[in-house]
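Observations on chain architecture
The chain contents come next:
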Amino acid sequence: MLQIFKSLESGPLQELTLKTLEKGAWINIVDPTPYELKVVSNLAEVDPDFLRSALDDEERSHTDIEDDSVMVLTNVAVCRGQDSYDALPLAIIITEEYIITVCLEETPVMAEFNERTAKLFRTYKKTRFLFQILYKSSTFYLRYLRQISKLSDEIEDQLRHDMKNSEILRLLELQKGLTYFNAAIRSNGAVLDKLLRMRNNEALTPILKAYDEDEDLLEDVIIENKQAREMVEMYSKILARMADTFTSIIANNQNLVMKFLAAMTIIIAIPTVVSSFFGMNVPVPFEENHNGFLYVMLIAFGISVSGAYALWKKDMF
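Reference entry: report on the structure contained in this document.

What counts, and at which threshold
Residues numbered from 1 in each chain as written. Predicted model: local features only at pLDDT ≥ 70, side-chain atom pairs only at ≥ 80, totals over all residues. Heavy atoms only, no water. Pairing = 2+ DSSP bridges. Helix = DSSP H or I, 4+ residues; strand = E, 2+ residues; numbered from the N terminus. Axes fitted to C-alpha atoms, helices over the stretch in contact; angles between N-to-C directions. Buried < 20%, exposed > 50% of the residue type's maximum accessible area, 1.4 Å probe, protein only. Contact = heavy atoms within 4.5 Å. Salt bridge = Lys/Arg side-chain N within 4 Å of Asp/Glu carboxyl O.

1. So, the sheet that holds strand 4 (residues 62-65)
Spatially, 7 strands are ordered 2-1-3-7-6-5-4 in an open sheet, and the strand pairing comes out mixed. One side of each edge strand has no neighbouring strand; the edge strands of this open sheet are strand 2 (13-16) and strand 4. Recorded for the sheet is a direction-independent mean angle of 25° between the axes of neighbouring strands. Bridge count between strand 1 (residues 2-7) and strand 3 (residues 26-30): 4 bridges; the pairing is antiparallel.

2. Let's talk about helix 1 (residues 34-44)
Burial in helix 1 covers these residues: Glu36, Leu37, Val39, Val40, Ser41 and Ala44. Along its buried surface, helix 1 packs onto strand 1, strand 3, helix 2 (48-52), strand 6 (85-95) and strand 7 (99-103). Looking at the residues trailing helix 1, positive phi occurs at Glu45, about 55°.

3. Some words on the pattern of salt bridges
Overall, the coordinates contain 8 salt bridges when judged by the stated rule. The salt bridge involving Glu105 is made with Arg80; its shortest N-O contact spans 2.7 Å. One end of the pair, Glu105, is in the loop between strand 7 and helix 3 (108-111); the other, Arg80, is in the loop between strand 5 (69-79) and strand 6, and 25 residues separate them in sequence. Of the charged contacts in the structure, one is a salt bridge between Arg186 and Glu233, with a shortest N-O distance of 2.6 Å. Placement of Arg186 in helix 5 (residues 165-198) and of Glu233 in helix 6 (residues 212-278) is noted, with a sequence separation of 47 residues between them. For Arg186, a relative accessible area of 43% corresponds to the partly exposed category. The network of salt bridges with common partners includes Arg80, Asp86 and Glu105.

Without other data, these values stay purely geometric and don't point to any function.
Structure representation (C-alpha cells):
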C-alpha cells in the first residue's frame, strides 16, 4: 500500500498521487511491492536499500546518512493479541523535499497521524514530524507496558487460586514480549542519542532543520524512551521473580502430594500385611474362634490408626 499526503497551511491533509507528488509531501509505504519501491526510489531519488531496510522484521534500530537523505530506522511496539507483544522496524527517510515512512504492516503508531490529528503535525516540517513519530512510538511502549503490568496482576490473581498451565503460558508470553521491548528500546535509545549529536552537523542542515521547539521535542522523546527502558527492566524482573515463585510453589505442591500418597500407601498396606499373616495355610491365632475375623480386623484397624497417628505427628499429612 502506498499513500501520499501533504499538510495544507489551513491544517487538513491533502491526499496526493505519484503523478501529483509535491515538495513537502509524506509518502507512507506499507508492505510495498517491488514496483512501488522502484517508483518511489526513482521519484524521491532515495537509495533503494533505505526503502528495503524496514522490510526485514529482525532489523535493529540505526541511522544511515547519504549525501541528500537521512534514514532513521526505529522499532515500534505492536500488539499481536491479548498477551502477545512485539517490535516492528519502521524506516523514516528524510530528503530535502519529502519524508518517507516504510513498514511491513500498519502500526498503531503511524495510524495516529491521520486526518483527525492533521492539525497537530505538518508533513513539510520534516524534522519535527520525525520527532513526533519517535515520540508517539515511545508513548505506545509506555501504554503497552502498562497493559502488561495489568495483565501480570490478573495472571497472578488467577494463579493464586488455581495453577493452570494456560496461565503459566500467558506469563511466558508476556516475558517474551518484554524481551522484545527491551531490545528495541535499547537500540532506539542509541538512535536518539545519535540524533542528538547530529543536530549540530552543519552538513545535514538542509535535510534536518531543527528549531528550538524541535530540540525540546527530541529531549522529550529521549526522556520517554528512558522511562520506557526503566519500566521494561522493572517489569521483566517482576515477571521473572513471579515465574520463579510460582514454579517453586508448583514443585512444593507436588512434593506435598507425593508425601501424602506415600503416607496413604503405608496406611493401606498395614491391613494387607495383617490379613496376609492370618491368611497363611498354617495354624494361626483365632482360627477356632468364631469371632476371629472381627479380632483380626480390630488388630489391623488398631495398627493402621497407630501408624496414621505416627505419620501425622511427623507432618506427613
